[in-house]
Structure formats: C-alpha cells, structure tokens
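Listed here are the chains, written in short residue letters.
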Amino acid sequence: MSIYQRFGVRPLINAAGTKTRLGGAHMPPEVLEAMAEAAQEAVDMAALQAAASRVIARVTGAEAGYVTSGAAAALTLGAAACITGLDPAKIDQLPNTGDLPNEILIFRSHRNSYDHGWRAAGARLVEIGMDDRTAGSGVRLLEPWEIEAAVNERTVALAYVANLRNEPALEPLIETAHACGIPVLVDAAGRLPPEENLRYFIEAGADLVAFSGGKAIGGPQSTGILCGKKHLIQAVLLNHLDMDMDLDLWDPPEDLLPRAAFKALPHHGIGRGFKVSRENIIALLVALERFASGAWREELGDRREIAQAVLRVVEDRPGISGQLVDSGGYPRVKLTFPDTATARRIYQQLLDGEPGIAFDPSDVYSGVLLVDTTTLRPEETPVIVARLQAILSN
Ligand SMILES: *Cc1c(COP(=O)(O)O)cnc(C)c1O
C-alpha cells in the first residue's frame, strides 16, 4: 500500500512532467538516501549555505550561490537583495519599501504568473518594450534603448524570463543594463535541461539566475537555487537566514560573508518564511551534482521506449494522431484529438481511472494532450498503454 493511501490520498501516475501541482520531480534513490542521512545530524545553517555556494559556483560558473525554497522564493529573495543590499534597516523594512528605490524593469511580454515572486519583496514591476511580434503588428521586441530611457534613480534591476526562444536576445539587454548601473535578474526556473544552461545565463553576464530544484534537477520539490554575484548572494543570505544570535557570538562563513562586510545583524527578514531545511539543502546538492554531470541522459533510452509505446497505441487509429516532441530534454508525445471536448473527456477518464493517470492538458484548448516522460517510470508503461487502449477503443 502506498504511503499516500495510508493517509487517504490516491497516488497518481504522473505523465504531465514536473508540475508543482502534481508534486514535481521524483527524486533518485541516492538523493533520498542523502536526505535521510542529513536529517539526523545538526549543522550550522550559514556554514551549510556557504558549502552550497561552493557547489553551485562550481557547476554554474557564478561567483556564489544559495539554496532557496524553490525558484519562486529565489525571485523574492533576489528582488529583496537588490532593494536592501546588506543594510539591516532596509532588510527590516521589507516588504514596505517606502522611499527606497524598488523598481524592476521587465519586458512587457515577460510578465507571467511567477512575477508575483519579485513583487512579494516589495518591488514594483515597470513594464517596458513593445511585443510587436506577438501582436503581429511588427517585427521588434524590447530594444536596449528602451532600458536606457526607463532607468531612473528608483530602478534597482532588470528582470528577464528565460524562454525556449531566448527572446529578446539576452546579451545586448545585459550590456545596456550594466551600462546603466543596474543588475539583471534571470528567471530560468524551467530552462533545464540541457545542463549547459546552468552556465549559459551566468556566462552571458546575468547578475542573479534562479533555477527550480524540483524540476529537471530532480531535487526536493521545495528547493531552488540562486547563483550570481557574491554581493547579491550575501544580501540574499541576510534577508533569509535565521540569525537570532549575539553579533559577537555569530560566526559567519568567512568565504561567503566576511565579518567585515556587514555592520549589524538584521532581525528576521522577508525570507524567514521561506526556510530551507538542512536535509533539503543536502538533497538538492546531491541532485544538482548528479544533474550537472549529465546523469539524466542515462535514462533517455528508457524514456524514449515509453514514448514509443504510447505512440504505438494511437498508430493508425482514426480520430487521433500522435507525434514525438523532442525539445532537448526527455521526450514527450503530443496526442491530437478532433476537438477540445474529446481531449477533455479523455483527460478526465484517465485521471478518474484506477490508478489515476495525469496527462498534461496545457494545450487542451487545441484538442491536445501531452504525455511527458520526465516523471514516468518504465514499470508504469504497461498501465498507461492498457488504459489508453481501453479508453480509445470505447
Ligand atoms: C516553475 C517556474 C517557477 C517556480 O519554480 P518553483 O521552484 O516551483 O518555485 C518560476 N518561474 C518559472 C518560469 C517557472 O517555470
């Protein structure tokens, strides 16, 4: 019996990918073992974050890094760092920014549900640029001169949301932002794999980059990483850690936060509610090293077989077509039905069966269901194949 059944919840077969609402990635056994081990010893959390910083710096090429409670929390902490620096009074003040500079510039069409993360720190997003391509009214997106025109004494950063098309091109925007004296914050939460992207945004000159720990990295769902400039990571630490301690007795990790870098210890900052446990940090680090070494590719063969098995079910079947989608990570299968009503019905039937199978309905409006093999195990293939066959034969 599943541990979830013991508590009256039905477990699902997740064919929808590392979706947060379905619990995200499955953790590899070595990650789980490290997590169990870490939960049984005490450790100084600042020293642990300093160790995490060294690992994250090594795999990303950044000056420093930090483990957060997810990429969304990383956005909040990154924005807080840009607003407060290492100043305890400013750290104490958030999210009420008052007269503090708090504006983050963002390309109009990069606005998305996750930008609440930046706003939660007290930042105000200022939209710039014209998305003429999406509107079909022209060819341009955000132009560097528009950043120059928008920067003023209240600007603290430029935000950039990394997408599959990498539009607008990041490098010229970074160059202009830096010329204007503002840092660039990149939300790259879902841009892994390929593992090369761990380094790409830092190499391009970004000042802070956020990744999810519970998506492709395969760490705990409630982890994420921030990597980037050391002075910003130091400000993240002061906004985040519990430092309820006598200043003279507190022993900050010298390589991440030298004692001379800050003048006083802040009270609990805005990040105090985003605590990351020691076992989560250790599990994330083990998962990150594994992912960065390319270990996920060893499972590509298995995942391709799962995808092929699903494709065989729909082959030559009237009223449905299957197509392999390979965008650099684990393969997905796109199942196209005659209309959205049919796709919705099949989605529901799969979910309501025993066991429940969750396909990805992100494109159900076009009559499409996606089978994402990222979170599937080979032993789940026969179950999916049998259920899909039974439903489609009806
Ligand atoms: C998933 C995602 C996030 C949030 O990541 P969590 O680790 O779940 O907090 C933020 N931004 C984008 C673009 C994402 O895809």
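Residues numbered from 1 in each chain as written. Predicted model: local features only at pLDDT ≥ 70, side-chain atom pairs only at ≥ 80, totals over all residues. Heavy atoms only, no water.

1. A few points about the site of the ligand
Thinking step 1. Every residue lining the ligand is accounted for by Thr20, Gly70, Ala71, Ala72, Tyr114, Asp187, Ala189, Ser212 and Lys215.
Thinking step 2. In the environment of the ligand, an oxygen atom lies 2.9 Å from a nitrogen or oxygen atom belonging to the backbone of Ala72.
Thinking step 3. For the ligand, an oxygen atom lies 2.5 Å from a polar atom in the side chain of Ser212.
Thinking step 4. Protein coverage of the free-state accessible area of the ligand, which is 380 Å², stands at 84%.
Thinking step 5. In a pocket analysis with a 2 Å cut-off to the grid points, the ligand is assigned to the largest pocket.
Thinking step 6. A class-by-class count of the residues in the shell around the ligand yields 4 nonpolar, 3 polar and 2 charged. (Near = heavy atom within 4 Å. Polar contact = N/O pair within 3.5 Å; in protein donor to acceptor, adjacent residues only side chain to side chain. Areas by Shrake-Rupley, 256 points an atom, 1.4 Å probe, with all protein chains shown as cover. 1 Å grid on protein atoms, 1.4 Å probe; cavity = no way out; pocket = protein on both sides within 12 Å on 5 of 7 lines; lining within 4 Å. Sits in = over half its atoms within 2 Å of the grid points. Nonpolar A, V, L, I, M, F, W, Y, C, P; charged D, E, K, R; others polar.)

2. Quick notes on the layout of surface pockets
Thinking step 1. Quantified by volume, the largest pocket comes out at close to 1300 Å³.
Thinking step 2. If you go around the largest pocket, you meet 40 residues; those closest to its centre are Thr18, Lys19, Gly190, Arg191 and Lys215.
Thinking step 3. Among the elements of the structure, helix H4 (71-84) and strand S12 (368-372) are those that each provide at least two residues to the lining of the largest pocket.
Thinking step 4. For the lining of the largest pocket, the element with the highest residue contribution is H4, accounting for 3 residues.
Thinking step 5. Tallied by class, residues from the lining of the largest pocket come to 16 nonpolar, 16 polar and 8 charged. (Points joined across faces, edges and corners; volume = space filled by probe spheres on them. Helix = DSSP H or I, 4+ residues; strand = E, 2+ residues; numbered from the N terminus.)

3. A closer look at empty space enclosed by the protein
One simple way to see leftover space: roll a probe sized like a water molecule over the atoms.
Thinking step 1. In total, this model carries 1 cavity of 30 Å³ or more according to the counting rule given.
Thinking step 2. Approximately 40 Å³ is the volume found for the largest cavity.
Thinking step 3. Taken together, Ala74, Leu75, Gly78, Trp118, Leu185, Val186, Leu208, Val209, Ala210 and Leu226 form the lining of the largest cavity.
Thinking step 4. Every element with two or more residues in the lining of the largest cavity is listed here: H4, strand S6 (184-187) and strand S7 (208-212).
Thinking step 5. Looking at the lining of the largest cavity residue by residue, the classes come out as 9 nonpolar, 1 polar and no charged.

4. Some remarks on the sheet that holds S12
Strand pairing in a sheet relies on backbone hydrogen bonds. The paired strands run either parallel or antiparallel.
Thinking step 1. Pairing is antiparallel in the open sheet, where 3 strands are placed in the order S9-S10-S12. If you trace the sheet from one side to the other, it starts and ends with strand S9 (321-325) and S12, each paired once. Pairwise comparison of adjacent strand axes, ignoring direction, gives a mean angle of 20° for this sheet.
Thinking step 2. Here strand S10 (residues 332-336) runs beside S12; their pairing, made up of 5 bridges, is antiparallel. Bridging across to S12, Val333 finds its partner in Val371. (Pairing = 2+ DSSP bridges. Axes fitted to C-alpha atoms, helices over the stretch in contact; angles between N-to-C directions.)

5. Describing the environment of Phe291
Thinking step 1. By the secondary structure assignment, Phe291 is in helix H12 (residues 278-292).
Thinking step 2. Looking at Phe291, the relative accessible area reads 3%, which means it is buried.
Thinking step 3. Measuring from C-alpha to C-alpha, the distance between Phe291 and Gly219 comes to 9.4 Å, with 72 residues separating the pair along the chain. (Buried < 20%, exposed > 50% of the residue type's maximum accessible area, 1.4 Å probe, protein only.)

6. Focus on H4
Thinking step 1. In a regular helix each residue adds 1.5 Å, so 14 residues correspond to 20 Å; H4 covers 20 Å between its end C-alpha atoms and thus fits that length.
Thinking step 2. Across the 14 residues of H4, 13 count as buried, placing the element largely inside the fold.
Thinking step 3. Remark: Gly85 follows H4 within two positions and exhibits a positive phi of approximately 55°. (Expected span 1.5 Å × (residues − 1).)

7. Observations regarding the domain arrangement of the protein
Thinking step 1. Structurally, the protein comprises domain 1 (3-21 + 296-393) and domain 2 (42-293).
Thinking step 2. Each of domain 1 and domain 2 has a C-alpha centre, and these two points are 34 Å apart.
Thinking step 3. Facing 7 residues of domain 1, the contacting portion of domain 2 comprises 10 residues.
Thinking step 4. Contact between domain 1 and domain 2 buries roughly 720 Å² in total, counting both sides, with carbon and sulfur atoms accounting for 45%.
Thinking step 5. Linking domain 1 with domain 2 are 3 salt bridges, by the criterion used here.
Thinking step 6. Residue Glu195 is joined to Arg297 by a salt bridge in which the shortest nitrogen-to-oxygen separation is 3.0 Å.
Thinking step 7. At the boundary of domain 1 with domain 2, the tally comes to 4 residue pairs in polar contact (both at pLDDT 80 or more).
Thinking step 8. Looking at the side of domain 1 that touches domain 2 residue by residue, the classes come out as 1 nonpolar, 4 polar and 2 charged. (Domains from an automatic or database assignment. Contact = heavy atoms within 4.5 Å. Buried area = accessible area lost by both parts, 1.4 Å probe. Salt bridge = Lys/Arg side-chain N within 4 Å of Asp/Glu carboxyl O.)

8. Some remarks on the pattern of salt bridges
Thinking step 1. As enumerated under the stated definition, the model contains 22 salt bridges in all.
Thinking step 2. Here Glu103 makes a salt bridge to Arg124, at a shortest N to O gap of 3.0 Å. Of this pair, Glu103 sits in strand S3 (residues 103-107) while Arg124 is found in strand S4 (residues 124-128), placing the two residues 21 residues apart along the sequence.
Thinking step 3. A relative accessible area of 45% places Arg124 in the partly exposed class.
Thinking step 4. In this structure, Asp115 and Arg119 form a salt bridge, with 3.3 Å as the shortest nitrogen-oxygen distance.

9. A look at a nonpolar patch on the surface
Thinking step 1. Together, Ile3, Tyr4, Phe7 and Val9 give the surface a local cluster of nonpolar side chains, amounting to about 460 Å² of exposed area.
Thinking step 2. Tracing the backbone shows Phe7 in the loop between helix H1 (3-6) and strand S1 (12-15).
Thinking step 3. For Phe7, a relative accessible area of 59% puts it in the exposed group. (Patch = residues over 30% accessible without salt bridge, like charges linked within 9 Å, V, L, I, M, F, W, Y side chains within 5 Å.)

10. What to know about the packing of aromatic side chains
Thinking step 1. Counted by the stated rule, this structure contains 5 aromatic pairs.
Thinking step 2. Plain terms: the ring middles of Phe201 and Phe211 are 6.5 Å apart, the flat faces sit at 55° to each other, and that makes the pair tilted. Taken together, the residues span a long stretch of sequence, with Phe201 in helix H10 (residues 197-203) and Phe211 in strand S7 at a distance of 10 residues. Residues Phe201 and Phe211 agree in their burial class; the two are buried.
Thinking step 3. Here Arg303 stacks its cationic end above the ring of Tyr330, 4.4 Å away from the centre of that ring. (Phe/Tyr/Trp six-rings, centres within 6.5 Å; stacked < 30°, edge-to-face > 60°. Lys NZ or Arg CZ within 6 Å of the ring centre and 35° of its normal.)

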